[in-house]
Amino acid sequence: MSEKKFIRHQQMKNNTLEEVLRAISDGATCKREVQSKTGLSWGKVSETVNLLLDRQIIHSANIDEPASAGAGRRSSFFEFSRTDFLCMGMELQRRQIITVLTTMGGSLIGHNIMPLTPGLNTGNLRDNVLVAFNTLLEQCKIPREKVIALSFSLTGAVDSFNKIWLRSSHIPDIQDYDFNTIAADFPYLQYFSIEHDIQARARSVLSNEEWNDENFVFMHVGSGVGMAIHNQGGFLYGSRGLAGEIGHIPVMNPPLKTKPRVCSCGQHNCLETFLSDHGLLAFAREEFSLDVNDLPTLFSSATEVQMETFYQYLHPWLLQVGITAANLFDPVTLIMGGELIEPWLDRLESKFYPELQHVSWIGSPGQLKTYRMTSCNSAFGASVNAIEPLIPQLAATLS
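For clarity, every value in this text was computed on a predicted model and none was experimentally measured. (Residues numbered from 1 in each chain as written. Predicted model: local features only at pLDDT ≥ 70, side-chain atom pairs only at ≥ 80, totals over all residues. Heavy atoms only, no water.)

## Some thoughts on the environment of Val262
Move 1: You can see Val262 is positioned in the loop between strand 13 (234-235) and helix 7 (277-288).
Move 2: You can call Val262 exposed: its relative accessible area is 58%.
Move 3: Apart from the residues within four sequence positions on either side, Val262 is in contact with Gln267, His268 and Thr273. (Helix = DSSP H or I, 4+ residues; strand = E, 2+ residues; numbered from the N terminus. Buried < 20%, exposed > 50% of the residue type's maximum accessible area, 1.4 Å probe, protein only. Contact = heavy atoms within 4.5 Å.)

The structure is reproduced here in structure tokens:
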């Protein structure tokens, strides 16, 4: 075989491997489903799946045959290995590190929450990451060499390309923290990344809800207002990785009699000083003299009248961020959720959404989806982030 034909043959084999791996990561569990998703011939599918089984990237799984399958030869089912080729995601918070371990298909193997005393800082970050990494692997009885990807979900300003954590209002001494020094502790990894927690949240929700949206704006309303913008080409990061900071748009004409509110970024009257947990808690103190320090306590102790008043307070701010997102990005789908608005998700779908369409530019967005916090796990989203870039790497090692 000539060198040119050999190269072409290797590229075709590599492409086939990528297609099959993506089909399995998208939920295909047998050869028939892989063939349906890829359009490849039965022979190519069978050959490639057998190779993946032989290399232990996938393994046989006990899955019941669907009743609709009908008569004929029963399928042999498989899934990504639960002992090899694993991905780990970490969410770094001030007082804890949340860690998850998943398969290449996004199936959860284990998770752990490691409290931090003292809180996370630049002096102890590296050591705490190593402890969190080893603790989860010991819990799952997995050797560290079986992990091929480690991804971090971080708050604040994140330079994903250069792996620099620029700053975080939640961890004040973070200043240009270089994660390449941490990557050096894991030389066997095939993939290492950091990203803003809003993208990780978005991946988590879409994966857990099994949504396949490509053109959307994802909004999380909790301790602040985070926004991720996604088009067919992927997330919009901006020139410095800071796109989507809608919560830090200043409110130019704050409500009368409202004292200036200092934002975590150092500015005054940013949108999220009003539309956030601390914004609502401040309103509850001003309006009802409710001196509580967290949302669960506030929501559990509030009367129906107070909860209605809370929503009426939040409504114009929600409408402002909704209009801004709809008019700037014209998304097919606006996805909203978060601790602050979870009590009113049904109302957002039934009443808020029609109003938003009425006042935004030509009826945008096309649809509104809401999610609950049970679907939102930044550490899981960070782990899922590794799957797509790992697929061509795995294919290249096999072809």
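## Describing empty space enclosed by the protein
Move 1: Summed over the entire model, instances satisfying the criterion amount to 1 cavity of 30 Å³ or more.
Move 2: One number sums up the size of the largest cavity: a volume of about 60 Å³.
Move 3: As for the largest cavity, its lining consists of His196, Ile198, Gln199, Gly226, Met227, Gly241, Leu242, Ala243, Gly244 and Glu245.
Move 4: Looking at the lining of the largest cavity, the elements with two or more residues in it are helix 6 (197-209) and strand 12 (225-231).
Move 5: Split into classes, the residues belonging to the lining of the largest cavity amount to 4 nonpolar, 5 polar and 1 charged. (1 Å grid on protein atoms, 1.4 Å probe; cavity = no way out; pocket = protein on both sides within 12 Å on 5 of 7 lines; lining within 4 Å. Points joined across faces, edges and corners; volume = space filled by probe spheres on them. Nonpolar A, V, L, I, M, F, W, Y, C, P; charged D, E, K, R; others polar.)

## Side note on unusual backbone geometry
Leave glycine aside and you will find that most residues have negative phi; peptide bonds, for their part, are mostly trans.
Move 1: Omega for the peptide link from Thr117 to Pro118 comes to 0 degrees, which places this bond in the cis form.
Move 2: Within the element layout of this structure, Pro118 appears in the loop between strand 5 (108-115) and helix 4 (125-140).
Move 3: Going from Ser364 to Pro365, the amide bond is cis rather than trans, its omega being 0 degrees.
Move 4: Along the chain, Pro365 falls in the loop between helix 10 (345-359) and strand 15 (367-371).
Move 5: Positioned with a positive phi, Asp330 is a non-glycine residue whose angle comes to about 45 degrees.
Move 6: Structurally, Asp330 is set in the loop between helix 9 (304-329) and strand 14 (333-337).

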